[in-house]
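So you can see what is in the structure, the chains are spelled out below.
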Amino acid sequence: MAIERGNVIIVERGRRKERLPGSGLLEGMAVVWRHWQGSFRKNRSFSQIHGTFTLEYPEERPKLPEAYRNMPILLYDEETGHELCTSCFQCQRICPPQVIHMTQAKDPATGKPVPAVAEFVIEYDACMSCGFCAEVCPFDAIKMDHEFELSTADHGSLTVAKEQLNRPIGYYERIAPTMWAEVREQALKKLQGNIKRRPGVLGMAPNLAEKIAARLRELATTAPVEAAPTTPPGPSAPAGRLSPEEKAARLAAIRARNDAAPADAPPPPAPAGARDGHGEPAPSDVPPAVNPADAKAARLAAIRARNAARAQEQAPPEPPAPPASRARTDEPEG
Amino acid sequence: MYELLDALINGRLGLGWPGWAVALLGHVAVATLLFLVAPVQMLFFTYYERRAIARMQDRIGPNRVGPEGIWQPIADGVKMFTKEDIVPAAADRYVHLLAPIVVVAPTMFMFAVVPWGPGMVPVDLNVGLLFFFAISSISAVGLMMAGWASNNKFALLGAMRAVAQMVSYEIPAVLSLIAIVMLTGTLSVVQIVAAQGGLVISTADLPGVPDVGLGWFIFTPVGLLACLCFFIAALAEGERTPFDIPEADSEIVAGYMTEYSGMKFGLFYLAQYVLNFLLCAITAVVFCGGWQGPGVGWLAAQGLSPANPDGSWVFNLFAGMLGVFYFLAKTYFFFFVMIWARGAFPRLRVDQLMDFGWKFLIPLTLVNVVSAAVWVGITRWGPEEGLDFTAQWSPLLRWGVAFALTMAINVVAYLTLARLYAAAQAARGRVDLEELVGSVPTSA
């Protein structure tokens, strides 16, 4: 039956039972009275309707289910001191609000990427707690924490770096025992494989200073030949050996300089030609095949590359490995 | 108070003050005391209501400020004082300022005739009950001022609803009090309380009854019906749910209080809770014996009084304390019933409010006046009033016949009126529906 707008539906409820007038009011009050009476005991069973459900929060804490998720954290293995993260960028890619940022660690000797993370930042303020990062992580390195009291007086402290994100595996095991038991085997196996590919102390949790020092000592005694490449600092690295990124930057800079030379010469018509699609198509400085949007993008890329090149020139081959410098400072201490 | 101060100043200290100065001092002292007590009661009531309604809704209520949240109203008061006082640009500034004062002042006046304990009444007016209700209607003027001066449609709607409601419901309230006035033959609140000694049966009806202060009017059919009607009318007077139509926050924001903030709003709030306290208090006083209760009469008789100059003032003190305890316990009980009704019932529509008041409550209270007359005729009147067939009856038989007769009248009246009212409402509903269906083009 189609109910048209404006039609009146009359519901037949049958004849009302003959009752003492006013008894309905008393019945309603009786319901409230039973609730009032029942409210003096606590009710933690949600199948009951009487009793106080209130959890007096700061004193009483809710028992969070294992799969409760709030903010992502990173795990490290307490035994070896190694972080599980290999900097595969899966979490950074899947993150819907794009709040995960990381840089991959590089072997200071060869400049080649290593399956370890150098810097890892999560902006907790914009994180939406979707848990995609933890779902997607192939190494079970990123997990969702149960900590929810995150309020702070300064906004900046909600941009959280690796040092504050790191938690031992034992912590996660405590908050989510069965979930960790499911993945424990494969996670540790993968970690062992990754540790083999990490030179020096790369990939070790920075807060474990003793572990790092012990590992350095171990490296110094067992394999002095292998440890040697880690000690020479940045300047001694041959100038010809550049990382792929540095190479790409150089290349882009050169290209930009070549491109920028004609683009710089007539500066006023350039933006006009790029902007107006309705007037003349500005054939003078843009090749006819290129549409204005592409031209604009190209110019933007050129400017960026030029800036990058300028920065490169001011600070020539910079020592690219913060882990190496940390290793140098830590060595005398240990 | 006058005798006490007179004895102290002119007797003990021998200062020789004139009578008017002593009286002035006494009244100023009492008034100061009441002005301190009224806001404290209001603060307690806000806390009490929030805690009780929370329990009815399976919550805990405010329990953070102080032990069990007892200082919560203080925190609310501090908040109220620190808020900005906003006067709308289009408002009538002076009337806007004056309205909360006109609303609060009558509620304070009403304290003048409320007895707190034996001999503890500010003024024993011989028209105390009339004074109480006459002065309470003045606050309707204040509400109208607030609604008008705010220059806001919600405020004006709320004020009009408030005035309509107060005017309509004063009639059943006063009619149910008239029944009690007929039983006691006095308008003095103090004498109404004094008439409620006894044990279930009042000493006024049956002189031989032991006086333990339990001869309340609520134990008689007349008093019971009057108490119910009065309490329902009091809910409407005090703008309590289910009659909180004037400030129906889901319909018209906060009614006449919409444009008020800060302490002006606080004054409306104060007036409302003080009025609720007073309505509960007058219900307790008129129908439930006020300070009357087991022990008070005996203690008062042992105390120092003109009739008993050898008594000890300690008994006066204890009698007063016990009397105030009974009075406040009854008052708080009635306020609990108000909260209970708030927890149980939804808000009425304006037409339902008017129908209920005019078509049900007023006829019922009128019938109750008749049964009060029957009660008085059977229990009090004799041959000199022209009623000689009861002359040979014993007082107990008189009381029994009066009880049965008034009970029968009231029950029959209640059932008949309820049926008539239900039929009228059903007929009205049918008319509404016909109107609605008739106006819509029906498509088969």
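Structure's up top.
Residues numbered from 1 in each chain as written. Chains lettered and ligands numbered in written order. Predicted model: local features only at pLDDT ≥ 70, side-chain atom pairs only at ≥ 80, totals over all residues. Heavy atoms only, no water.

**Q** Just to check I follow, could you spell out the overall build of chain B for this structure?
**A** When its secondary structure is counted, chain B shows 15 helices and 2 strands. Within chain B, the fraction of its 444 residues that count as buried is 48%. Counting only carbon and sulfur atoms, one obtains 71% of the accessible surface of chain B, whose full area is about 20600 Å². (Helix = DSSP H or I, 4+ residues; strand = E, 2+ residues; numbered from the N terminus. Buried < 20%, exposed > 50% of the residue type's maximum accessible area, 1.4 Å probe, protein only. Areas by Shrake-Rupley, 256 points an atom, 1.4 Å probe, with all protein chains shown as cover.)

**Q** How should I be thinking about the packing of helix 9 (residues 221-237) of chain B against helix 14 (residues 350-379) of chain B in this particular structure?
**A** Each pair of packed helices can be summarised by the angle the axes make with each other and by the distance between the axes. Residue and element names in this part refer to chain B. Running from N to C, helix 9 and helix 14 cross one another at 155°; their axes reach a closest spacing of 9 Å. Considering the angle they form, helix 9 stands roughly antiparallel to helix 14. Considering how the two elements wind past one another, helix 9 and helix 14 form a crossing that is left-handed. For the pair helix 9 and helix 14, contact is made by Pro 221, Val 222, Leu 225, Ala 226, Cys 229, Ile 232 and Ala 233 and by Phe 356, Leu 361, Leu 364, Thr 365, Asn 368, Ser 371, Ala 372 and Trp 375, respectively. (Axes fitted to C-alpha atoms, helices over the stretch in contact; angles between N-to-C directions. Parallel < 35°, antiparallel > 145°, perpendicular 65-115°, else oblique. Left-handed = near helix turned anticlockwise from the far one by under 90°. Contact = heavy atoms within 4.5 Å.)

**Q** How should the environment of Lys 359 of chain B be read in this particular structure?
**A** Residue and element names in this part refer to chain B. You can see Lys 359 is positioned in helix 14. Owing to a relative accessible area of 37%, Lys 359 belongs among the partly exposed residues under this scheme. Residues Lys 359 and Leu 417, spaced 58 residues apart in sequence, show a C-alpha to C-alpha distance of 8.5 Å. If we skip the residues at most four places from it in the chain, Lys 359 touches Met 354, Leu 417, Tyr 421, Gln 425 and Arg 428.

**Q** It is not clear to me how the nonpolar core should be interpreted in this structure. Could you clarify?
**A** Where a protein is soluble and globular, its nonpolar side chains tend to be buried together. Core analysis: the biggest nonpolar cluster contains 110 residues, and Trp 116, Phe 268, Phe 277, Val 286, Phe 287 and Phe 327 of chain B have the highest contact counts within it. The greatest single-element share of this core, amounting to 16 residues, is contributed by helix 11 (residues 262-287) of chain B. In this structure, Ile 122, Ile 169, Tyr 171 and Ala 187 of chain A belong to the second largest nonpolar core, which totals 37 residues. (Core = buried A, V, L, I, M, F, W, Y, C linked by side-chain atoms within 4.5 Å.)

**Q** Sorry, what's going on with the sheet that holds strand 3 (residues 113-123) of chain A here?
**A** Sheet strands pair by backbone hydrogen bonding; their relative direction is either parallel or antiparallel. Residues and elements named next belong to chain A. Here 3 strands make up an open sheet; going across it, the order is 2-3-5 and the pairing antiparallel. Looking along the sheet, the strands with just one partner apiece sit at the ends: strand 2 (100-106) and strand 5 (159-161). When the angles between neighbouring strand axes are averaged without regard to direction, this sheet yields 25°. (Pairing = 2+ DSSP bridges.)

**Q** Looking at this model, I keep getting lost on the side chain of Lys 330 of chain B. Mind explaining?
**A** All names here are of chain B. Within the secondary structure layout, Lys 330 lies in helix 13 (residues 313-344). Among the polar contacts listed, one links the side chain of Lys 330 to the backbone oxygen of Gln 292, at a separation of 2.6 Å. Discounting residues that sit within four places of it in the chain, Lys 330 has contacts with Trp 216, Ala 284, Cys 288, Gly 289, Gly 290, Trp 291 and Gln 292. (Polar contact = N/O pair within 3.5 Å; in protein donor to acceptor, adjacent residues only side chain to side chain.)

**Q** Please clarify how the environment of Trp 313 of chain B should be interpreted in this entry.
**A** With respect to the secondary-structure elements, Trp 313 of chain B resides in helix 13. Taking the C-alpha atoms as reference, Trp 313 of chain B lies 9.7 Å from Ala 300 of chain B; in sequence the two are 13 residues apart.

In short, shape yes, function no, at least from these values alone.
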